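Report on the structure
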Amino acid sequence: METSCLIQEPQKKQKLNEEDEDIDGNSKCLSDLPEEILRHILSFLPTKHAVRTSVLSKRWEYLWASIPNLDFKRSLPTYFNGPIEKYKSKRRLLMNFVERVLCLRDSYAIKRFTLPCDVLGDAARVNTWISAVVRHNVQELNIYLDKFKGEFSLPYCLFTYEYLTQHLFSGLPVLKKLSLTDCSWGGLKVVCISAPKLHSLSIWESERPDSSYGDGCEVLIFAVRLKEFEYSGELFINYCLNNSFSLEKAEITVFSNNTSAQVAHRMYKLLIGLSNVKLLQLSCAVVEVLIDAAEHLLHMPMFNNLTDLILYDGYWSVALDSVLLRILHKSPCLETLKFWKGIRLWENDDWILDPVPPCFLSHVKWIEVGDYDGDREEFSAVKILLKNAVVLNEIVIFCSVHLRGNLEKQENLYKQLIEIPKGSRNCKIVLK
């Protein structure tokens, strides 16, 4: 047996030498590949492993700095159950590592960037990284941010980069509140906001530089648990809320008095998405936008869940006209009606409300009128409300600033109001 072992030993050594030569040959073959192919190969590795290849040779030292994909998702566990000091140490290493990788990055574009990060008090630092990635013309940005200390605002550059903005809000599985401030959608055609747990969404549009800026863009909103929606702007683009069955409160502020067919159509589409809402606040300009939109008024959606309607904001009080009446007719369960900027009726004194909105016959119990001067148009509108709201419990009328110090004038107005024939025997009139 010893003899056979001795005989086989040179053969084993020869085989090992051959394997070493194969490994060396393979290494040389790998190093002989063009850098573009090497970068492509490295892009399949987590970034921390790609960086480690820098020790292989001089040629490999900074090859990782130009790989198309940067992936840090395995650098820090999503759930860490170890000691807090160990967690802090791992997080600190990750933060420093990401910073070093981005600082040493050359001019090559980034195709995909993936980063999970507990932000804590480093919001400014994380924003700097995102800005750096955007400057490298990133095509796919995957950021999983958690554990914020205070509010966190994404950097402005994200909203000026067309490709990213289209996909930025798609697939946000845990997002609950989203506020988009000073929005300008530029030349985008479609922006999708998809967040199954989103509860609150606010969109404030910026002023656009010219009349065509943003025209043609459509923002699609998929948020089945959305409870609150707020929009403020001039209806530059289309906003479409889909499957918003959980909506409880919506506030729409329109600054423009533009009554064009295009703007009216956008307002109509937005109202369709709000049809399940319980409390709806509309600026007076919303009513003005729809004044000449006869076709849209004809197909106004039903607001079967609406119990509170508030008309607010504007230089003039809202008119009791075809638009407002159409909304009232489509709100059969309305209980509270508030006109914070007042209400007017431009018709003759003998004008009759026919047909009467169903909610006036069965549900409206509280009406509030603000900024009341007591002129003919205002008095006529209040008269119509009191006559037709047959289950009304109380109407509260707030005097305008000009009348608040004039007690004699207020007394005269109150006498006029209590003499109005009322459809509800139990209605109480309060003048403040």
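The notes below deal with the structure included here. (Residues numbered from 1 in each chain as written. Predicted model: local features only at pLDDT ≥ 70, side-chain atom pairs only at ≥ 80, totals over all residues. Heavy atoms only, no water.)

Let's shift gears to helix α12 (residues 376-388). Residue pairs three or four apart in sequence face the same way in an α-helix, which turns once every 3.6 residues. The end-to-end C-alpha distance of α12 is 18 Å, a good match for the 18 Å that 13 residues give at a rise of 1.5 Å each. Looking only at α12, the buried set comprises E377, E378, S380, A381, V382, I384, L385, L386 and N388. (Helix = DSSP H or I, 4+ residues; strand = E, 2+ residues; numbered from the N terminus. Expected span 1.5 Å × (residues − 1). Buried < 20%, exposed > 50% of the residue type's maximum accessible area, 1.4 Å probe, protein only.)

The next point concerns the sheet that holds strand β16 (residues 366-372). As summarised here, the arrangement of the 10 strands in space is β4-β6-β8-β10-β11-β12-β14-β16-β17-β18, forming an open sheet in which the pairing is parallel. The two strands at the open ends of the sheet, each matched to only one other strand, are β4 (177-183) and β18 (428-431). Along the sheet, successive strands turn relative to each other by an average axial angle of 5°, direction set aside. Judged from the five bridges that link them, strand β11 (residues 279-283) and strand β12 (residues 308-312) form a sheet pairing that is parallel. By the bridge assignment for β12, S283 is matched with Y312. Docked against the sheet, α12 engages β14 (336-339), β16, β17 (394-399) and β18, running at close to 175° with respect to β16. Contacts between helix α13 (residues 407-418) and the sheet are confined to β16, β17 and β18, with β18 contributing the most and set at about 165° to the helix. (Pairing = 2+ DSSP bridges. Axes fitted to C-alpha atoms, helices over the stretch in contact; angles between N-to-C directions. Contact = heavy atoms within 4.5 Å.)

Here we come to the pairing of strand β8 (residues 228-233). In terms of strand pairing, strand β6 (residues 200-205) meets β8 through five bridges, oriented parallel. In the sheet register, S200 faces β8, and the bridge partner there is E228. In this structure, β8 lies alongside strand β10 (residues 249-254), joined through six bridges in parallel fashion. Its bridge partner being in β10, E228 is matched across the sheet by K249.

Quick look at the nonpolar core now. The nonpolar side chains of a soluble globular protein tend to be buried with one another. Residues F229 and L309 are the most contacted members of the largest nonpolar core, which totals 84 residues. The residues touching L309, leaving out its near neighbours within four places in the chain, are L280, L282, L324, I327, L328, L334, T336, L337 and K338. Membership of the second largest hydrophobic core comes to 23 residues, among which are L70, F72, L115 and L158. (Core = buried A, V, L, I, M, F, W, Y, C linked by side-chain atoms within 4.5 Å.)

On to helix α4 (residues 84-103), then. Taking 1.5 Å of rise per residue, the 20 residues of α4 would be expected to cover 28 Å, and the 28 Å separating its terminal C-alpha atoms lies within 8% of that figure. Among the residues of α4, Y87, R91, L94, M95, F97, V98, V101 and L102 are the ones counted as buried. Down the axis of α4, the sector holding all buried residues measures 165°, keeping them to one side. Projecting away from the buried face of α4 at angles above 90 degrees are the exposed residues E85, L93 and C103. (Arc of directions from axis to C-beta.)

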